[in-house]
Amino acid sequence: MQMSPSPLSMLSYKGDLSICLKFVSAEHISGKKRGFDDKGELHVIVKEARNLTAVRTNGYSDPFCKGYLLPEKSHDSKRKSPVVRRNCNPKWNHIFIFDNVSWDELHERSLELTVWDHDRLTTNDFLGGVRLNLGTGYSDGREVSWMDSTLEEIALWQAMLDRPNCWIEGTLLLRLHMNQLK
């Protein structure tokens, strides 16, 4: 599922993120003893980013990708790719696994992937992000700001939900910020 930026969005273009998603049901998890209440896993391959902003004076960035399965945003729930030095088109091919999650729960949760420039001396710089969910604005009956996916993000998430145990691949435009979309 390839999306190309419209002329208007080129003014705010931050780059693209290519990913693969798969919900693995409990019965398809290899090497795991199954119990009555077993849940599955969400597998995410962060393949690459393209056309990232160069934030360093040398014309490059040192990008890495960070992921959370919202509403959890604790240190323990964070997933992080390696840093790719001096590159605005990093190829990570790094897998994030979020375990102990059911297919039903994924209807109420959101996968947030953000791309950052690593800086050893100061705070990391935000380069862009995506937020994949059903875009309902609600989780567990409560209004939340992070269930705000774009149509392209919703389509990729829905395709993953529609085809459990199958990889779904897509390339999404990075958002300028992760504030709630209006």
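That block above? That's the structure.
Definitions and cut-offs
- Chains are numbered independently. Their residues run from 1 in the order of the written sequence.
- Whole-chain, interface and lining totals are the exception, using all residues; otherwise, since this is a predicted model, local features are given only for residues with pLDDT of at least 70 and side-chain atom pairs are given and counted only at 80 or more.
- No hydrogens and no water enter the side-chain calculation; it runs on all heavy atoms of the structure.
- Helix and strand assignments follow DSSP, with helices taken as H or I runs no shorter than four residues and strands as E runs no shorter than two, numbered in order from the N terminus.
- Only protein chains enter the area calculation, which uses a 1.4 Å probe; residues under 20% of their type maximum are buried, those over 50% are exposed, and those in between are partly exposed.
- The contact rule is simple, with two residues in contact once any of their heavy atoms fall within 4.5 Å.
- Accessibility throughout is a Shrake-Rupley quantity obtained with a 1.4 Å probe, and a residue counts as covered only by protein chains that appear here.
- We define the nonpolar core as a collection of buried residues of types Ala, Val, Leu, Ile, Met, Phe, Trp, Tyr and Cys that are connected through side-chain atoms lying within 4.5 Å of one another.
- Expected helix span is taken as 1.5 Å per residue step, with the number of steps being one fewer than the number of residues.
- The directions considered for the arc are those from the helix axis to the C-beta atoms.
- Every case where a carboxyl oxygen of Asp or Glu lies within 4 Å of a side-chain nitrogen of Lys or Arg is listed as a salt bridge.
- Two strands pair if DSSP finds at least two bridges between them.
- Axis angles are defined between N-to-C directions and span 0 to 180 degrees, where every axis is a line fitted to C-alpha atoms and, for a helix, only to the segment in contact.

Enquirer: Give a description of the overall build of the chain that names residues and reports values.
Expert: Counting secondary structure elements, the chain contains one helix and ten strands. Moving toward the C terminus, one meets the helices and strands of the chain in the order β-β-β-β-β-β-β-β-β-α-β. When burial is assessed residue by residue, the chain has 46% of its 182 residues classed as buried. Excluding contacts between residues fewer than 6 apart, the proportion of contacts in the chain whose partners are at least 24 apart in sequence is 68%. Looking at the chain as shown, the accessible area adds up to about 9,900 Å², and 50% of this sits on carbon and sulfur atoms.

Enquirer: Which residues make up the nonpolar core, and what values do they have?
Expert: With 32 residues, the main nonpolar core has L17 and W157 as its most contacted residues. Every element with two or more residues in this core is listed here: β1 (16-24), β2 (40-50), β3 (63-70), β5 (91-101), β6 (110-117), β7 (125-132), α1 (151-162) and β10 (168-173). Discounting residues that sit within four places of it in the chain, L17 has contacts with V46, E48, A49, W92, L113, V115, V130, G170, T171, L172 and L174.

Enquirer: Tell me what's going on with α1, and back it up with residues and numbers.
Expert: Over its twelve residues, α1 extends 16 Å from the first C-alpha to the last, a length consistent with the 16 Å expected when each residue adds 1.5 Å. Turning to α1, its buried residues are E153, L156, W157, M160 and L161. Along the long axis of α1, the arc covered by the buried residues comes to 140°, so they all point the same way. Exposed and facing more than 90 degrees away from the buried side of α1 are L151 and D162. The secondary structure elements touched by the buried residues of α1 are β1, β2, β3, β6, β7 and β10.

Enquirer: Which residues make up the pattern of salt bridges, and what values do they have?
Expert: Following the criterion strictly, the structure yields 13 salt bridges and no others. The salt bridge involving K73 is made with E112; its shortest N-O contact spans 2.9 Å. Linking K73 in the loop between β3 and β4 (79-80) with E112 in strand β6, this pair joins segments that are 39 residues apart in sequence. Accessibility expressed as a relative area gives 49% for K73, which makes it partly exposed. Between E153 and R175 there is a salt bridge; the shortest N-O distance is 2.7 Å. Here R175 lies in the segment after β10 and E153 lies in helix α1, a separation of 22 residues in the sequence. Here the two residues E153 and R175 agree in accessibility, since each one is buried.

Enquirer: I'd like to hear about the sheet that holds β4, residue by residue, with values.
Expert: Pairing is antiparallel in the open sheet, where four strands are placed in the order β4-β3-β6-β7. The sheet terminates laterally at β4 and β7, the two strands that pair on one side only. Strand direction decides the pairing type here: β3 and β4, joined by two bridges, are antiparallel. Bridged to K66 within β4 is K80. Sheet contacts for α1: β3, β6 and β7; angle to β7, the most-contacted strand, approximately 55°.

So far we have only geometry, and geometry alone does not tell us how the molecule works.
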